[in-house]
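Residues per chain, in single letters:
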Amino acid sequence: MKVFKKIMALLIVITMIITMFAGIAFADEAEIIASGTCGADGDNLTWELDSNGNLFISGSGDIGNYRRSSTPWGDLSSQIKTVDISEGVTGIGYKAFWNCSSLESIVIPESVNDIGIFAFKGCSSLKSIEIPTGVTSIGPYAFRGCSSLEDITIPEGVTSMGWGPFQSCSSLEDITIPESVTGIGLRAFEDCGSLKSIEIPKGVTGIDEYTFSGCGSLENIAIPEGLYSIGDGAFYGCSSLKSITIPESVIGISGDAFSGCSSDLVIYGKSVSYAE
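All figures in this text were calculated on a predicted structure; none of them were measured in a lab.

**Notes on the overall build of the chain**
Broken down by element type, the chain carries one helix and 21 strands. Evaluated residue by residue, the chain yields a buried proportion of 41% over its 276 residues.

Written out as structure tokens, the structure reads:
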């Protein structure tokens with residue numbers, strides 16, 4: 001009888017433990033709290049947001065273009081923590097993830113070839129992002145105000161970056177720009193206060209207006225032979241820049257290109273060149 005009671009007591013304890021862990025498992029299991037369509041062609045793409053803040057997008061074609069208050073996830077934007085875009089999606093539309101302030105990570109598939117205007121503007125919790133090799137264009141202000149973004153690699157294949165794609169990415173310390181890039185829009189890295197060095201690809205022919213304005217930590221920049229112009233305010237307020245070498249190919253430098261830089265800045269150039 002005593003043995004039977006002990007066995008029963010042990011079974012009760014085991015049952016309680018199993019029930020407890022099962023409850024934890026069910027508590028952690030995310031539920032779908034909202035869903036709908038988000039395709040440029042309507043229902044070509046669908047989305048689901050779970051209770052843990054994970055947004056899943058699947059289908060084929062482009063994500064639609066939206067006004068800042070008209071995205072399919074609308075008032076739920078602040079709850080989105082991760083975005084997982086499936087293979088088959090080809091483009092990220094205008095303001096698709098505008099001000100998703102809690103967004104920390106995103107998976108972009110190789111099928112994506114275009115990142116639209118203001119696509120991730122104001123995603124202030126986003127720390128890093130991997131742009132797939134299929135992308136050829138990064139739209140104006142695509143990552144503007146992503147203040148936690150620390151590093152980003154732009155893949156070979158991207159040929160152009162619009163106006164201000166990384167403007168006010170105040171934590172950005174390192175960025176790799178491939179040789180395929182031939183155009184960098186104005187204000188591209190304006191107010192990237194943590195950026196310390198950058199190498200301009202050989203195919204770029206001009207540094208546009210205010211490209212590096214407000215980059216107060218910028219110490220080194222490599223300007224390639226073949227570049228022919230440096231625009232107004234290009235290095236305005238780059239107070240940590242101590243020296244810069246202007247290639248012989250440069251035939252135009254705006255009078256305010258280096259305004260607000262340190263009085264110790266030394267500009268090097270070949271004799272009888274424009275830099276001289």
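Having put the structure on the table, let's press on.
**Quick word on the confidence of the model for the chain**
Taken over all residues, the pLDDT of the chain has a mean of 88, while the share at 70 or more is 87%. Note on residues 21-27: pLDDT is under 50 here. Beyond four places in sequence and across chains, it has zero contacts.

**Quick word on the pairing of strand S19 (residues 243-246)**
Residues Ile-244 and Ile-246 of S19 are buried on one face, while the alternating residues Ser-243 and Thr-245, pointing to the opposite face, are not. As paired elements, S19 and strand S21 (residues 266-269) share four bridges and run parallel to each other. Across the sheet, Ser-243 pairs through a bridge with Val-266, a residue of S21.

**Considering the environment of Pro-72**
Looking at the element boundaries, Pro-72 is found in the loop between strand S4 (61-62) and strand S5 (82-85). We classify Pro-72 as partly exposed; its relative accessible area is 26%. Here the alpha-carbon distance between Pro-72 and Ala-34, two residues 38 residues apart in the chain, equals 9.8 Å. Pro-72 has contacts with Thr-37, Cys-38, Trp-47 and Tyr-66, leaving out every residue within four places of it along the chain.

**A short note on the pattern of salt bridges**
Taken as a whole, this structure holds one salt bridge when the rule is applied. The partner of Arg-187 in a salt bridge is Glu-190, and the shortest N-O contact between them spans 2.7 Å. With a relative accessible area of 27%, Arg-187 lands in the partly exposed category. Judged by its relative accessible area of 9%, Glu-190 is buried.

**Considerations on unusual backbone geometry**
Positive phi, normally seen in glycine, also occurs at Phe-118, with a value near 60 degrees. By secondary structure assignment, the location of Phe-118 is in the loop between strand S8 (114-115) and strand S9 (128-130). The exposure class assigned to Phe-118 is buried, which follows from its relative accessible area of 15%. In this model, Tyr-210 sits at a positive phi of 55 degrees, which is unusual for a non-glycine residue. Taking relative accessible area as the criterion, Tyr-210 reaches 23% and is therefore assigned partly exposed.

**Some words on the packing of aromatic side chains**
Geometry of an aromatic ring pair is reported as the spacing of the ring centres plus the angle between the planes. Counting across every chain of the model gives twelve aromatic pairs. Ring geometry for Phe-189 versus Phe-212: centroids 5.6 Å apart, planes at 5 degrees, classification stacked. A residue pair is termed long-range when its members are at least 10 positions apart, and Phe-189 in the loop between strand S14 (183-184) and strand S15 (197-199) and Phe-212 in the loop between strand S16 (206-207) and strand S17 (220-222) qualify at 23 residues. Phe-212 carries the same exposure label as Phe-189, and that label is buried. One aromatic cluster in this structure is built from Trp-47, Trp-73, Phe-97, Phe-120, Phe-143, Phe-166, Phe-189, Phe-212, Phe-235 and Phe-258. When the ring centre of Trp-98 is taken as reference, the NZ or CZ atom of Lys-121 above it lies at 4.6 Å. In this structure, Arg-144 packs its charged tip against the face of Tyr-141, placed 5.2 Å from the ring centre.

**Describing the side chain of Ser-262**
Inspection of the secondary structure puts Ser-262 in the loop between strand S20 (252-253) and S21. In terms of polar contacts, Ser-262 uses its side chain to reach the backbone amide nitrogen of Asp-264, at 3.0 Å. Leave out the neighbours within four places in its chain, and Ser-262 touches Cys-238, Ser-239, Leu-241 and Lys-242.

**Section: the pairing of S5**
Each regular strand shows side chains that alternate between the opposite faces of the sheet. Only one face of S5 is buried, namely the one carrying Val-83 and Ile-85, since none of Thr-82 and Asp-84 on the opposite face is buried. One ladder, built from four bridges, connects strand S3 (residues 54-59) with S5; its direction is parallel. Its bridge partner lying in S5, Phe-56 is registered against Asp-84. In this sheet, strand S7 (residues 105-107) lies alongside S5 in parallel orientation, the contact comprising three bridges. Its bridge partner being in S7, Val-83 is matched across the sheet by Ile-106.

**Brief notes about the sheet that holds S8**
Ordered in space as S4-S6-S8-S10-S12-S14, the six strands form an open sheet in which the pairing is parallel. Two strands in the sheet have a free side with no partner beyond their single neighbour: S4 and S14.

**Some points on the sheet that holds strand S1 (residues 32-39)**
Here we have five strands laid out as an open sheet, ordered S1-S2-S3-S5-S7, and mixed in their pairing. Of all the strands in the sheet, the pair left with one neighbour each is S1 and S7. Between one strand and the next, the sheet's axes are offset by a mean angle of 15 degrees, whatever the strand orientation.

What counts, and at which threshold
Residues numbered from 1 in each chain as written. Predicted model: local features only at pLDDT ≥ 70, side-chain atom pairs only at ≥ 80, totals over all residues. Heavy atoms only, no water. Helix = DSSP H or I, 4+ residues; strand = E, 2+ residues; numbered from the N terminus. Buried < 20%, exposed > 50% of the residue type's maximum accessible area, 1.4 Å probe, protein only. pLDDT = per-residue confidence, 0-100. Contact = heavy atoms within 4.5 Å. Pairing = 2+ DSSP bridges. Salt bridge = Lys/Arg side-chain N within 4 Å of Asp/Glu carboxyl O. Phe/Tyr/Trp six-rings, centres within 6.5 Å; stacked < 30°, edge-to-face > 60°. Lys NZ or Arg CZ within 6 Å of the ring centre and 35° of its normal. Polar contact = N/O pair within 3.5 Å; in protein donor to acceptor, adjacent residues only side chain to side chain. Axes fitted to C-alpha atoms, helices over the stretch in contact; angles between N-to-C directions.

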